[in-house]
Amino acid sequence: MRDALGSVQSVLVLGGNSEIAMAIVDRLVASRCKKVVLGVRSPASATTTLNRLRSAGVDADTVVFDALDPASHAKVIDAAAERIGDLDMVILAFGVLGEQSEFNANPVAAADAARVNFVGAVSSGLAAAAKLRTQGHGMILAITSVAGVRARADNFVYGSTKAGMDAFAQGLGDSLIGSGARCVVVRPGFVHTRMTEGMKPAPFATTPDKIADAVINGLQKNKEMIWAPPILSTLFTILRHLPRPLWRKISAG
Amino acid sequence: MRPEPAASRAVPSTSELFGWGRTAPTGADVRRPTSPIELQRALPTSFERGLIARGLGRSYGDAAQNAGGTVIETTDVAAFTIHDSDPNSNTVLVTADAGASIDRLLHALVPQGLFVPVTPGTRYVTVGGAIAADIHGKNHHLKGSWCNHVESLHLQLADGSVVEVGPDRDSELFWATAGGMGLTGVILDATFRCPRIGSSQLVVDTDRAADLDAVCELMRSGDHLYDYSVAWIDLMATGKSMGRSVLTRGRFASASEAAPKIGADPYVYRANELVSAPPFMPAGLLNNLSIRVFNELWFRKAPVERRDEIQSIPTFFHPLDMVRGWNRIYGPAGFLQWQFVIPFDATSTLTTIVDEISQSGCTSFLAVLKSFGEGNPGPLSFPAGGWTLALDIPTGIQGLGPLLDRLDDLVVGVGGRIYLAKDSRVRPELLPEMYPRLNEWREVRERVDPNRRIMSDLARRLGL
Ligand SMILES: Cc1cc2nc3c(=O)[nH]c(=O)nc-3n(C[C@H](O)[C@H](O)[C@H](O)COP(=O)(O)OP(=O)(O)OC[C@H]3O[C@@H](n4cnc5c(N)ncnc54)[C@H](O)[C@@H]3O)c2cc1C
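Everything numeric in this text was worked out from a predicted model, so none of it was measured.

### Comments concerning the overall build of chain B
- Helices and strands together make up the secondary structure of chain B, namely 14 helices and 20 strands.
- Rg of the C-alpha trace for chain B: 21 Å, near the compact-globule value of 23 Å for 464 residues, within the 12% margin.
- In terms of principal-axis extent, the alpha carbons of chain B reach across some 60 × 55 × 45 Å.
- Here chain B, with 464 residues, has 60% of them falling under the buried criterion.
- In chain B, once contacts between residues fewer than 6 apart in sequence are set aside, the share between residues at least 24 apart is 74%.
- Total accessible area computed for chain B in this model is approximately 17,300 Å², and 54% of it derives from carbon and sulfur atoms.
- Each charge class in chain B was averaged separately, 45 positive and 52 negative side chains, and the resulting centres sit 5 Å apart.

### Some details on the sheet that holds strand β5 (residues 70-73) of chain B
All names here are of chain B.
- Taken together, the 3 strands give an open sheet; going across it, the order is β3-β5-β4, and neighbouring strands pair in parallel fashion. Sheet topology places β3 (29-31) and β4 (51-54) at the edges, where each strand pairs with a single neighbour. Across this sheet, the average inter-strand angle for adjacent strands is 25°, counted without regard to direction.
- Where β4 meets β5, 4 bridges bridge the pair, whose relative direction is parallel. Across the sheet, residue Leu51 finds its bridge partner in β5, namely Thr70.

### Looking at the packing of helix α5 (residues 107-135) of chain A against helix α6 (residues 156-176) of chain A
All names here are of chain A.
- Where α5 contacts α6, the two axes come as close as 9 Å, and the packing angle between them is 10°. With respect to α6, the axis of α5 lies roughly parallel. As α5 packs across α6, the resulting crossing turns out to be right-handed. When α5 is examined against α6, the residues Ala110, Ala113, Ala114, Asn117, Phe118, Ala121, Val122, Gly125, Leu126, Ala129 and Arg133 are found in contact with a partner set consisting of Val157, Tyr158, Thr161, Gly164, Met165, Phe168, Leu172, Ser175 and Leu176.
- Partitioning the contact of α5 with α6 into residue classes produces 14 nonpolar, 5 polar and 1 charged.

Procedures and definitions
Residues numbered from 1 in each chain as written. Chains lettered and ligands numbered in written order. Predicted model: local features only at pLDDT ≥ 70, side-chain atom pairs only at ≥ 80, totals over all residues. Heavy atoms only, no water. Helix = DSSP H or I, 4+ residues; strand = E, 2+ residues; numbered from the N terminus. Rg over C-alpha atoms; globule rule 2.2 N^0.38 Å. Buried < 20%, exposed > 50% of the residue type's maximum accessible area, 1.4 Å probe, protein only. Contact = heavy atoms within 4.5 Å. Areas by Shrake-Rupley, 256 points an atom, 1.4 Å probe, with all protein chains shown as cover. Lys, Arg positive; Asp, Glu negative; His and termini not counted. Charge placed at Lys NZ, Arg CZ, Asp CG, Glu CD. Pairing = 2+ DSSP bridges. Axes fitted to C-alpha atoms, helices over the stretch in contact; angles between N-to-C directions. Parallel < 35°, antiparallel > 145°, perpendicular 65-115°, else oblique. Left-handed = near helix turned anticlockwise from the far one by under 90°. Nonpolar A, V, L, I, M, F, W, Y, C, P; charged D, E, K, R; others polar.

It is worth stressing that arrangement in space is one thing and function is another; only the former is reported here.
Okay, here's the thing in structure tokens:
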């Protein structure tokens, strides 16, 4: 169960190799969380994480999760619940970033990215929501991106997939009010991870650890939307309303 | 009679429930039986996620919630009988449905020269909630907790059968129900002893204490002279005034003592809510500074020493009830209450804890300090001989989790415990240390509910 300070006792991570999700899980485990299931495409890829969690006394396991296989998502959720009981939290942490120039050249690759980031979030998010409704509690943590708040010429495929996911997650959150379940949106800015290696960092670039701190803090304060770092909330209130010519100039950096 | 403030629902017309602290709401199928028969039909439940009874929802955390299961709100089944008695006996028997509130009881009892055996800091609790939490009041040092005054009760078990238990009838089950947080079954009604009073007023002495040592010393040396005693302590004061307090103690006045204030009828009783807290509060209204200022004013306003002041029951026992819905002032993140008891010989730990809280700069309104008498046989009953301290804290404060975890360790280290009716965050692994007779309680539960049909969020969270 979730406690008064936003700590949970069990978590399922879809996209179990996400560095942001791992930083969040580390903090949950340091508080009350004793059960973790990592949803990953290939369980072998999570061995190190699994061992680390287990040696910290956590009951940790993996389930096979492929964002590109929506038909399996309900089963994945059930398998996780079978393994650890009530799911106090489900983190939607999977996603691909891709390269805009490559997407321009290969529309099919762009469509695949959309299938992972958006379609996958829709099917797994709804499957998780159905489970949490019957439990009468639990939280979906949807990790979107500030890139979805306003699309940029140099990453609008990624941005638009995250915009879709973000809108979906907000609506899902509203639809869950009254059921005991919740959906919280996390909007990180530019994060230094494997995914962004070699890219030019955007202003207020941050790290998985800092994002995780912002998330834990937001959960404790019962926030429905968590910006990480929090300053981005203010920044984007302005950026969102800039005239497009100006936005083009600024976002081209 | 005017309607009682209903048990809180997060969103009206849905089945989301939370406790008084407004944290961690969960959804349930909420039923409100309107007759004893309907109430009894609630069990047995076939529902996989079980059932829990709920009174007025004044427990702070998740004790009266059951995510995904059924919650039975008892407050519409609220009749009671005041039995005839020998005028020479000090007490009168009352039989009340579990859903009857102390508020309703007082409206009937006080005009007849009677009072409840124990009252918490709010009168909006039900008899069922009073038993399930084995509540204590300002008279614990002399009279013990609520269940010390219960003769018998009817309990509906998970299989649907109804049993009558008491200290002399299946006492194991009775004491497992006392403080058992509703997990042994649904209490249907109870018969308990109510004391006679000389008037509806109290004779109250107030003492201002400059620091923690001073207030402890006043209580140690003088509490036995008063029927009721409690201290309000300012946990935001640091340095030399750390633990500064206002101690109020009293007893019921005789008719002649009360007459100058209330006139000929010694038992007039008026208990009204004066104002209502606004329904929505912005986050951050209560901040470190505003509370510090409030505490300062409050301390300065108290007399250094005042004797024989005549006060009404609501003023003396239920000052917070004057503001309806005051729990909303903490804003969207809600708040929690942390209450522990530690033995008297661990007074230095009390000092350490008060010091830590004061130093942490963690925002807290006045906290309540009291010295408890001995506990009763209930394995999960909270009170035990020693100091008890209760404080409300907004949940948004950074570092609050680790701070309270550290303080829990101090409490456990000296053989103390925290109060489950107030809890919303303790580490489950500490429970067996805090309640060393937990296994005894579990055996009784195993006997009456082997399939865990009775279930609450608290039970799930703490793995009870
Ligand atoms: C302002 C304030 C001051 C307080 N002061 C004190 C104090 O001084 N001393 C003290 O001891 N407590 C105090 N409390 C706590 C309160 O007395 C307890 O939490 C009490 O249990 C609340 O009663 P309720 O009817 O609201 O029960 P709820 O909060 O609805 O339920 C509490 C527990 O009782 C169980 N329960 C309720 N009815 C039944 C039933 N019919 N059968 C079986 N189980 C049942 C529930 O399952 C739950 O576990 C205070 C609370 C507030 C808000």
